[in-house]
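Given next are the chains, with one letter for each unit.
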Amino acid sequence: MKQENQMNNKYKILNLYACLGGNRAKWDEVADIEVTAVELDPEAAKLYQERFSNDTVVIADAHQYLLDHYKDFDFIWSSPPCPSHSRARFARKNTTTAIYPDLKLYEEILFLENYFEGKYCVENVIPYYEPLIAAQKRGRHLYWANFILPNNLNERKSSIMEGKDEVNKWCEFHDYDFRKYKGEQSVQKMARNLVDYEVGKTIFEQSLGIINKSNKTQLTLF
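Residues numbered from 1 in each chain as written. Predicted model: local features only at pLDDT ≥ 70, side-chain atom pairs only at ≥ 80, totals over all residues. Heavy atoms only, no water.

A. Spotlight on the packing of aromatic side chains. Enumeration according to the criterion identifies 14 aromatic pairs in this entry. Between Phe111 and Tyr115, the aromatic rings sit 4.8 Å apart at their centres with planes inclined by 15°, giving stacked as the arrangement. Pair noted here: Phe111 and Tyr115 are both in helix α5 (residues 104–115), with a separation of four residues, about one helical turn. Residue Phe111 is classed as buried on the basis of its relative accessible area, which comes to 14%. Centroid distance Tyr176 to Phe178: 5.5 Å. Interplanar angle 80°. Geometry classified as edge-to-face. Each residue in the set Tyr11, Trp27, Phe75, Trp77 and Phe204 is aromatic and connected to the rest through ring pairs, giving one cluster. Positioned above the aromatic ring of Phe73, the side-chain terminus of Lys12 is 5.8 Å from the ring centre. Between Arg156 and the ring centre of Tyr197, over which it is positioned, the NZ or CZ distance is 4.1 Å. (Phe/Tyr/Trp six-rings, centres within 6.5 Å; stacked < 30°, edge-to-face > 60°. Helix = DSSP H or I, 4+ residues; strand = E, 2+ residues; numbered from the N terminus. Buried < 20%, exposed > 50% of the residue type's maximum accessible area, 1.4 Å probe, protein only. Lys NZ or Arg CZ within 6 Å of the ring centre and 35° of its normal.)

Following this line, the structure appears as structure tokens:
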């Protein structure tokens, strides 16, 4: 598949747990890409397809899809669900139902590190426990990748607080109308958890060995 990718000059990307594609929004500015997005929520998948009409959208279990199709791609981004790891939920442990940390996060990291021949990035929150696998901490998130991330991910700062205007403010911040979503998930949580598109762009650039002007002092691996 790698040879085939080189022949058609398309950089093949697998975007797992794609949601509404915050991480993916500016990838087209970086390279000529062909994206397959996997999202289990049909409503989110529908809106993702509307937003990125040229992407292939698959409604499926992203964890299993990775196992079945990882050889078909050059770059893989994964943002597994974070609630079972989050410090915010753990802080409410006396008022919420106890749950196990979802170790699929670490299954994917170990799998990608040992099986995948391309570049990968797995993103999640800083957990309430010591991470089981060392990660690169940037801002409020941890990243597991087989390349060094810049110290500055160009993340835009947001001071949006909970309130009646919260969704409107997130719509403006992400340049996307979250009010379109009519599914079962909380619109507020989706908006809060969407990866900043500048972060997604910076990490993708770094995976390709492209150094942004704001990261001139950051050494590339390539």
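There is more to say after this.
B. The arrangement of the sheet that holds strand β6 (residues 136–138) in detail. Ordered by their spatial adjacency, seven strands build an open sheet running β3-β2-β1-β4-β5-β7-β6, and the pairing between neighbours is mixed. Every other strand in the sheet has two partners, leaving β3 (56–58) and β6 as the edge strands with one partner each. Between one strand axis and the next, the sheet turns through 20° on average, direction left out of account. Sheet contacts for helix α2 (residues 42–51): β1 (11–16), β2 (33–38) and β3; angle to β3, the most-contacted strand, approximately 180°. (Pairing = 2+ DSSP bridges. Axes fitted to C-alpha atoms, helices over the stretch in contact; angles between N-to-C directions. Contact = heavy atoms within 4.5 Å.)

C. Quick look at the confidence of the model for the protein chain. On average, residues of the protein chain score 90 in pLDDT, and 91% of them reach the 70 mark or higher. Below pLDDT 50 for its whole length, residues 216–222 participates in 18 contacts with residues either more than four positions away or in separate chains. (pLDDT = per-residue confidence, 0-100.)

D. Expanded view of the pairing of strand β4 (residues 75–78). Residues Phe75 and Trp77 point to one face of β4 and Ile76 and Ser78 to the other, with burial holding for every one of them. Note that β1 and β4 share four bridges and pair parallel. From the neighbouring strand, Leu16 faces β4, where its bridge partner is Ser78. Here β4 pairs with strand β5 (residues 119–125) via four bridges, running parallel. Along β5, the bridge assignment pairs Trp77 with Cys121.

E. Broad picture of the environment of Glu162. Tracing the backbone through its elements, the reader meets Glu162 in the loop between β7 (141–145) and α6 (166–174). According to the relative accessible area criterion, Glu162 is exposed, its value standing at 67%. With 30 residues separating them in the primary sequence, Glu162 and Arg192 have C-alpha atoms 10.0 Å apart.

F. Molecular detail of the side chain of Asn124. Residue position: Asn124 is located in strand β5. Reaching out from Asn124, the side chain makes a polar contact with the backbone oxygen of Pro80 at a distance of 3.0 Å. In this view, Asn124 contacts Pro80, Pro81, Cys82, His85, Leu105, His141, Leu142 and Trp144; residues no more than four positions away in its chain are not counted. (Polar contact = N/O pair within 3.5 Å; in protein donor to acceptor, adjacent residues only side chain to side chain.)

G. Representation of the packing of helix α3 (residues 62–69) against α5 in the model. Where α3 meets α5, the axes come as close as 11 Å, and the angle between the chain directions of the two elements is 15°. Here α3 lies roughly parallel to α5, going by the angle between them. As for the relative orientation of α3 and α5, their crossing is left-handed in sense. Only Lys104, Glu107, Glu108, Phe111 and Leu112 of α5 make contact with α3, whose side of the interface consists of His63, Leu66 and Leu67. Considering only residue class, the contact of α3 with α5 consists of four nonpolar, one polar and three charged. (Parallel < 35°, antiparallel > 145°, perpendicular 65-115°, else oblique. Left-handed = near helix turned anticlockwise from the far one by under 90°. Nonpolar A, V, L, I, M, F, W, Y, C, P; charged D, E, K, R; others polar.)

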